[in-house]
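Below, each chain spelled out in residue letters.
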Amino acid sequence: MGPGPGDGLAVVAPQLRALRRRAGLTLEAAARAAGLSPAHLSRLETGNRQPSLPMLLALARVYGTTVSELLGETVAGRDTVVRAADMEPSPAGGWTYWQAGASGRGMQALRLQVPYGSQGDIVRVHPGEEWLYVLTGRLRLRLGDATHLLGPGDAAHFDSLTPHRIAAQDPGGVEFLFVHTLLQSPTAALCLGITPGETP
């Protein structure tokens, strides 16, 4: 019998609290920087709420770390090569991701699978850059007021301060490669305050 869907919360919740404290942020300051309410972040830290992948990405940027570290995963050293056999799928908020790069770098590389109708329609605004490359399916990318439909082989590279949302266009979902810069200084995100429309 394999682990249940909530088993990872026992690791994630205390890890979220520990990394926030390591960054020297209060619950209120960290929540504001990530576009969450303090009550929602508190529920994540106590294990009463499961974080979505967009939330994990936002918190990783605020804490100057990676989603892998937030999930309690460790990668030995700073390996240059990540083998397919070593990429374990991790679910978050309906999305599935595979860590495709080493931890502790200035960028994070992921392979993402987003089902149709999942939590991918959350609007994000944060410092940094993002690059994505569609492998299978069709991806709907909204950048500001423009909407782009990307198919296999299409790519996008954009400034993360442009309000953006990512979603699967078709019922079969979409799989894509995703690289984003990690926020190394927690104070940089605090300048943004709460992003309109991001409260869960």
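Residues numbered from 1 in each chain as written. Predicted model: local features only at pLDDT ≥ 70, side-chain atom pairs only at ≥ 80, totals over all residues. Heavy atoms only, no water.

**Q** Just give me the short version of the overall build of the protein chain, but keep the residues and values in it.
**A** For the protein chain, the helix and strand inventory stands at 6 helices and 9 strands. Residues counted as buried form 44% of the 200 residues belonging to the protein chain. For the protein chain, the share of sequence-separated contacts (at least 6 apart) that also reach a separation of at least 24 residues comes to 67%. Accessible surface, the protein chain as shown: approximately 9700 Å² in total, 55% of it carbon and sulfur. (Helix = DSSP H or I, 4+ residues; strand = E, 2+ residues; numbered from the N terminus. Buried < 20%, exposed > 50% of the residue type's maximum accessible area, 1.4 Å probe, protein only. Contact = heavy atoms within 4.5 Å. Areas by Shrake-Rupley, 256 points an atom, 1.4 Å probe, with all protein chains shown as cover.)

**Q** Explain the pattern of salt bridges to me, and be specific about the residues and the numbers.
**A** Taken as a whole, this structure holds 5 salt bridges when the rule is applied. Two residues, Arg111 and Glu175, come together in a salt bridge whose shortest N-O distance is 2.5 Å. Here Arg111, found in strand E3 (residues 107–114), pairs with Glu175, found in strand E9 (residues 174–181); they are 64 residues apart in sequence, far enough to count as distant. When the shortest N-O distance is used, the salt bridge between Asp170 and Arg138 registers 2.8 Å. Of this pair, Asp170 sits in the loop between strand E8 (164–168) and E9 while Arg138 is found in the loop between strand E4 (129–137) and strand E5 (139–143), placing the two residues 32 residues apart along the sequence. Accessibility expressed as a relative area gives 35% for Arg138, which makes it partly exposed. A single salt-bridge network, built from bridges that share partners, covers Arg17, Arg20 and Glu45. (Salt bridge = Lys/Arg side-chain N within 4 Å of Asp/Glu carboxyl O.)

**Q** Explain the sheet that holds E4 to me, using residue names and the numbers behind them.
**A** In space, the 6 strands of this open sheet follow the order E1-E2-E3-E9-E4-E7, with antiparallel pairing throughout. Each edge of the open sheet carries a strand with a single partner, namely strand E1 (90–92) and strand E7 (155–159). Between one strand and the next, the sheet's axes are offset by a mean angle of 25°, whatever the strand orientation. As judged from the 4 bridges shared by strand E2 (residues 95–99) and E3, these two strands associate in the antiparallel manner. Each bridged residue has a counterpart across the sheet, and for Gln99 the counterpart in E3 is Leu110. Sheet contacts for helix H4 (residues 53–63): E1, E2, E3, E4 and E9; angle to E9, the most-contacted strand, approximately 15°. (Pairing = 2+ DSSP bridges. Axes fitted to C-alpha atoms, helices over the stretch in contact; angles between N-to-C directions.)

**Q** Just give me the short version of the environment of Leu132, but keep the residues and values in it.
**A** Following the sequence through the fold, Leu132 ends up in strand E4. Between the alpha carbons of Leu132 and Ala109 there is a distance of 9.6 Å; along the sequence they are 23 residues apart. Dropping the residues within four chain positions of it, Leu132 is found in contact with Leu139, Leu150, Asp154, Ala155, Ala156, Phe158, Ile166, Phe176, Leu177 and Phe178.

**Q** Before we move on, can you summarise the packing of helix H2 (residues 27–34) against helix H3 (residues 38–45) with the specific residues and values?
**A** Viewed as axis vectors pointing N to C, H2 and H3 meet at an angle of 105°, and their least axial separation amounts to 8 Å. Judged on the interaxial angle alone, H3 and H2 are roughly perpendicular. Between H2 and H3, the residues in contact are Leu27, Glu28, Ala30 and Ala31 and Pro38, Leu41, Ser42 and Glu45, respectively. Looking at side-chain class alone, the contact of H2 with H3 contains 5 nonpolar, 1 polar and 2 charged residues. (Parallel < 35°, antiparallel > 145°, perpendicular 65-115°, else oblique. Nonpolar A, V, L, I, M, F, W, Y, C, P; charged D, E, K, R; others polar.)

**Q** Tell me about the pairing of E8, residues and numbers included.
**A** Among the 5 residues of E8, 4 are classified as buried, and the element is accordingly described as predominantly covered. Strand direction decides the pairing type here: E5 and E8, joined by 5 bridges, are antiparallel. Among the inter-strand pairings, Leu141 is bridged to a residue of E8, identified as Ile166.

**Q** With reference to specific residues and values, describe H2.
**A** When you tally the buried positions in H2, you get 6 out of 8 residues, the bulk of the element. Of all the positions in H2, only Leu27, Ala29, Ala30, Ala31, Ala33 and Ala34 are classed as buried. Looking one or two residues past H2, Gly35 carries a phi angle of roughly 75°, positive in sign.

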